[in-house]
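Take a look at the letters that make up each chain.
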Amino acid sequence: MARIGVFICHCGENISRTVDVVKAAEAAATFRGVVHSVEYKYMCSSPGQNLIKEAIKEKKLTGVVVAACSPKMHEPTFRRACHEAGLNPYFCEISNVREQCSWVHEDKTVGTAKTIDLIRLMVEKTRKNHELQHIKVPITKKALVIGAGIAGIQAALDIADGGQEVILVEKDPSIGGHMAQLSETVPTLDCSQCILTPKMVDASRHENITLYTWSEVIDVKGYMGNFEVTIRKNPRYVKEDVCTGCGLCYQKCPQKKIQGKFDAGVGLRRAIYVPSPQAVPNVPVIDKDHCTKLLKDRCGVCQKVCPTGAIDYEMKEEIITEKIGAIVVATGYDLIPNNFYGEYGQGKYADVIDGLQFERILSASGPTAGEIKRPSDGKIAESVVFIKCVGSRDPAKGIPYCSKICCMYAGKQAMLYKHKVHHGQAYVFYMDIRAGGKGYEEFIQKGIEEEGTTYIRGRVARIFKKGDKLIVRGMDTLSGQKIELAVDLVVLASAMIPNKGVKELYQKLSISYDTYGWVSESHPKLKPIETSVAGIYLAGACQAPKDIPDAVSQASGAASKVLALLSKDELEKEPLVATIDKNICAGCNMCVQACPYQAIELKPIKDRKGNVLRYASEVNHGLCAGCGVCVAVCPSKAPDLAGITEEQIYAEIVSLG
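This structure is a prediction, so every number in the text was calculated from the model and none was measured. (Residues numbered from 1 in each chain as written. Predicted model: local features only at pLDDT ≥ 70, side-chain atom pairs only at ≥ 80, totals over all residues. Heavy atoms only, no water.)

What to know about the side chain of Glu652
Move 1: Here Glu652 lies in helix α18 (residues 646-655).
Move 2: The buried charged residue Glu652 lacks any salt bridge partner; its closest oppositely charged side chain belongs to Lys125, at an N-O distance of 5.5 Å.
Move 3: If sequence neighbours within four positions are ignored, Glu652 has contacts with Leu121, Met122, Glu124 and Lys125. (Helix = DSSP H or I, 4+ residues; strand = E, 2+ residues; numbered from the N terminus. Buried < 20%, exposed > 50% of the residue type's maximum accessible area, 1.4 Å probe, protein only. Lys, Arg positive; Asp, Glu negative; His and termini not counted. Salt bridge = Lys/Arg side-chain N within 4 Å of Asp/Glu carboxyl O. Contact = heavy atoms within 4.5 Å.)

Take a look at the structure:
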């Protein structure tokens, strides 16, 4: 016979303001199977949990119903309390009377009546509960990190330093990401390469890290602790184990005028190249779309001059399969193209560039060796306009969010420009200044007060060319005056957007993403680095625009989650999964097609002689997320969901009369 205890939380005033919790407790005491009913100010507190533990022992409770806030918030807390008192945790149910009742009803009479009904539902469900045990799944002690920018590198190093194997996959020829393109960093003006390159080298040499550059993840199967990942390693046409990095091949290559991705289009490279002098690995790659040998079977100079015979034009792509226990997604970001705004020249003016292009001009390893030369004619830029919020915070253009880092890097670039061109003038057009970091506000003030940067509050309406100057027209909203400046160079603080092609990758990973393509976290406050798929974590600007400190700290957080998971020999998974009655299953395949987690497959049912009699569906409990889609689509009613069985649902409905 059921012996159920009901515990109603005031939640401070969150619930008790619109619910008479005393009356609700008195009503719950009359429900069938209820032998104990109390209310308390904060049920999730230690004294509140002790009330539950003591009642379980003293009243010999067989079930517990807690009327409080969302089960997503505190269900683990209350289930753990029940477990500590000797009750199976899955005999504890949460009646969500905060979000579903008190927060949506102002009338206390209505709120109280609905609360009583919600508790009644959970009491009836609890009466039909069955004892459930955690599912145990073996864990593959190896992690995959997708993307080797600063976030991916940090995550990989932390996991590897924790003693676990890491596969680090990067789609570009070198690791380092966008941080490797930067000149100096905010707010300390550290040389970007000086602080990043040691980490790049550490990642390439770490005994626990296997590095795949010029590679991409093309398929992901499996589940937390037991993923199977397929990686395509594109041909470099250069043998990594033979190449010494001497550079003769790209020094002699006759194809010289190719716009380089690393230099953001403001510098030129050859058909065989390394992205930068600090590239890791320091092994060239041949651009098959521009190499004369690969396109027309002519030239072959690089192979002729290579002293070690590292050039191999017959190299093919490799397909690599890895067993993985946990995945960190660190796919980074991109910038909207310069042609996004027609009023800013629609990308046709060579001297209207974005922030990354200006970083390459600033860099000593960039195409101008750090001199601030205009891309159009190589003339030193005597005046520069920096325009913030280009694309960001613009609902009309489809990007309503703030890109977060633009205020700081525009201020930094204006300051660095003044360090290089002492007599030059820097102007910054801004909507407002968002300097939300340690030392950030002081950094902006230094640029204004000590470096002489002129800040103009207002949007730029139009940019056009007049002679060899760019005319920038805008409005100073503080003075109410129209502004027209003739300058040599315009730098756009362009909106950050997700990298191209990441949506297809996220679909392979089965993780969710928002309207704009940023990865959605499981919970914005409680699980900010976890995704919708258990065992897959996120780091850096794949989630939303982030600066370097945030990306690094989030990467270390993701690494700690991975290490916690891989520290176990077995994974304990909640038993709230589907099961299929093979005696009822007709083998129609509808559940297999409907399952979003690919957790169901048809299996043959054989007789004693091994002859196949028919097929029936079977659930892989390691993959199943308990969504219940199979229960909904099955015409035979063969599946049922542990913890939310049809019997329990019917009992709840009947209880309402």
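Examining the sheet that holds strand β4 (residues 92-96)
One key point about sheets: their strands pair by backbone hydrogen bonds, in either a parallel or an antiparallel sense.
Move 1: The parallel open sheet is built from four strands, whose spatial order is β2-β1-β3-β4. Each edge of the open sheet is held by one strand with a lone partner, namely β2 (34-40) and β4. Ignoring strand direction, the axes of neighbouring strands in this sheet form an average angle of 15 degrees.
Move 2: Of the pairings in the sheet, the one linking strand β1 (residues 4-9) to β2 comprises six bridges and is parallel in character. By the bridge assignment, Ile8 is partnered in β2 with Glu39.
Move 3: Most of the contacts of helix α2 (residues 46-59) go to β2, to which it runs at about 165 degrees, and overall it touches β1, β2 and β3 (63-68). (Pairing = 2+ DSSP bridges. Axes fitted to C-alpha atoms, helices over the stretch in contact; angles between N-to-C directions.)

Re the domain arrangement of the protein
Move 1: Parsing the protein into structural domains produces domain 1 (4-127), domain 2 (142-234 + 317-332 + 501-566), domain 3 (248-305), domain 4 (335-497) and domain 5 (578-641).
Move 2: Across the boundary between the two partners, domain 3 contributes seven residues, which contact seven residues of domain 4.
Move 3: Contact between domain 3 and domain 4 buries roughly 560 Å² in total, counting both sides, with carbon and sulfur atoms accounting for 68%.
Move 4: The largest per-residue losses of area from domain 3 upon contact with domain 4 belong to Asp263, Ala264 and Val266, which jointly make up 70% of the total buried on that side.
Move 5: Taken together, the links from domain 3 to domain 4 amount to one salt bridge. (Domains from an automatic or database assignment. Buried area = accessible area lost by both parts, 1.4 Å probe.)

What to know about the sheet that holds strand β26 (residues 481-487)
Move 1: In spatial order, the strands read β24-β25-β26; together these three strands make up an open sheet with antiparallel pairing. Both edges of this open sheet fall to β24 (460-466) and β26, since each of them pairs with a single strand only. In this sheet, adjacent strand axes meet at a mean angle of 20 degrees when their direction is disregarded.
Move 2: Relative to strand β25 (residues 469-476), β24 runs antiparallel, the two sharing six bridges. By the bridge assignment, Lys466 is partnered in β25 with Lys469.

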